[in-house]
Amino acid sequence: METVPARNTDPDTSKAAKPLPMREQVYNFIEDQAGRGATADDLGYNFGSHRLNSITPRFAELRKAGRIKDSGQRRDGQIVWVLA
């Protein structure tokens, strides 16, 4: 599991236990697709234990932040998201 960088003032136990927020996991997954992009189903399959309703809102957050965009393509009827 990837972790968020900890502050120098954080106790050692906190440094080891901070999981990446779902938003960053979604962004990293799209980034790792090397231009292929990713759909909600791609992420659901990759994150297996997470429900789509915890994943798909992250697309809107990342889009509003200007980090991802709709590629204009569809795969299995779903938006293919790519890095902005």
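Note: the structure precedes this text.
Since we're looking at a predicted model, the values are computed, not measured.

Thoughts on the overall build of the protein
Working step 1: Of regular secondary structure, the protein possesses 5 helices and 2 strands.
Working step 2: For the protein, buried positions account for 32% of its 84 residues.
Working step 3: Taking the intrachain contacts of the protein between residues at least 6 apart in sequence as the baseline, contacts between residues at least 24 apart amount to 41%.
Working step 4: For the protein, the exposed surface amounts to about 5,600 Å²; the carbon and sulfur share of it is 48%.

Brief notes about helix H2 (residues 22–32)
Working step 1: When we look at burial in H2, the residues that qualify are Met 22, Glu 24, Val 26, Tyr 27, Asn 28, Phe 29 and Ile 30.
Working step 2: On the buried face of H2, the contacting elements are helix H3 (40–47), helix H4 (52–55), helix H5 (57–64), strand E1 (68–75) and strand E2 (78–83).

What about the packing of aromatic side chains?
The geometry of an aromatic ring pair comes down to the distance between the two centres and the angle between the two planes.
Working step 1: This structure, assessed with the given rule, holds 2 aromatic pairs.
Working step 2: A ring pair is formed by Phe 59 and Trp 81, whose centres lie 5.3 Å apart and whose planes are at 10 degrees; its orientation type is stacked. Placement of Phe 59 in helix H5 and of Trp 81 in strand E2 is noted, with a sequence separation of 22 residues between them.
Working step 3: Overall, Trp 81 belongs to the buried group, its relative accessible area being 9%.

Description of the nonpolar core
Working step 1: Core analysis: the biggest nonpolar cluster contains 14 residues, and Val 26, Ile 30, Leu 43, Phe 47, Ile 55, Phe 59 and Ile 68 have the highest contact counts within it.
Working step 2: Secondary-structure elements contributing two or more residues to this core are H2, H3 and H5.
Working step 3: Examining the composition of this core, we find that 5 residues originate from one element, H2, more than from any other.
Working step 4: Non-local contacts of Leu 43, meaning those with residues more than four positions away in its chain, are made with Val 26, Phe 29, Ala 38, Ile 55 and Phe 59.

Describing unusual backbone geometry
With the exception of glycine, most residues fall at negative phi, and the peptide bonds are largely trans.
Working step 1: Phi is positive for Ala 34, which is not a glycine, with a value near 50 degrees.
Working step 2: Relative to the elements of secondary structure, Ala 34 occurs in the loop between H2 and H3.
Working step 3: With a phi close to 55 degrees, Asp 76 is a non-glycine residue in the positive phi region.
Working step 4: As for its position among the elements, Asp 76 is in the loop between E1 and E2.
Working step 5: Judged by relative accessible area, Asp 76 falls into the exposed class, the value being 73%.

Looking at the environment of Arg 23
Working step 1: Among the structural elements, Arg 23 can be located in helix H2.
Working step 2: In this structure, the C-alpha to C-alpha distance between Arg 23 and Thr 56, residues 33 residues apart in sequence, is 9.5 Å.
Working step 3: With residues up to four places along the chain from it excluded, the contact list for Arg 23 reads Arg 58, Glu 61 and Leu 62.
Working step 4: A polar atom in the side chain of Arg 23 sits 3.4 Å from the side chain of Glu 61.

Cut-offs and rules
- Residues numbered from 1 in each chain as written.
- Predicted model: local features only at pLDDT ≥ 70, side-chain atom pairs only at ≥ 80, totals over all residues.
- Heavy atoms only, no water.
- Helix = DSSP H or I, 4+ residues; strand = E, 2+ residues; numbered from the N terminus.
- Buried < 20%, exposed > 50% of the residue type's maximum accessible area, 1.4 Å probe, protein only.
- Contact = heavy atoms within 4.5 Å.
- Areas by Shrake-Rupley, 256 points an atom, 1.4 Å probe, with all protein chains shown as cover.
- Phe/Tyr/Trp six-rings, centres within 6.5 Å; stacked < 30°, edge-to-face > 60°.
- Core = buried A, V, L, I, M, F, W, Y, C linked by side-chain atoms within 4.5 Å.
- Polar contact = N/O pair within 3.5 Å; in protein donor to acceptor, adjacent residues only side chain to side chain.

Nothing here speaks to function; it is all geometry.
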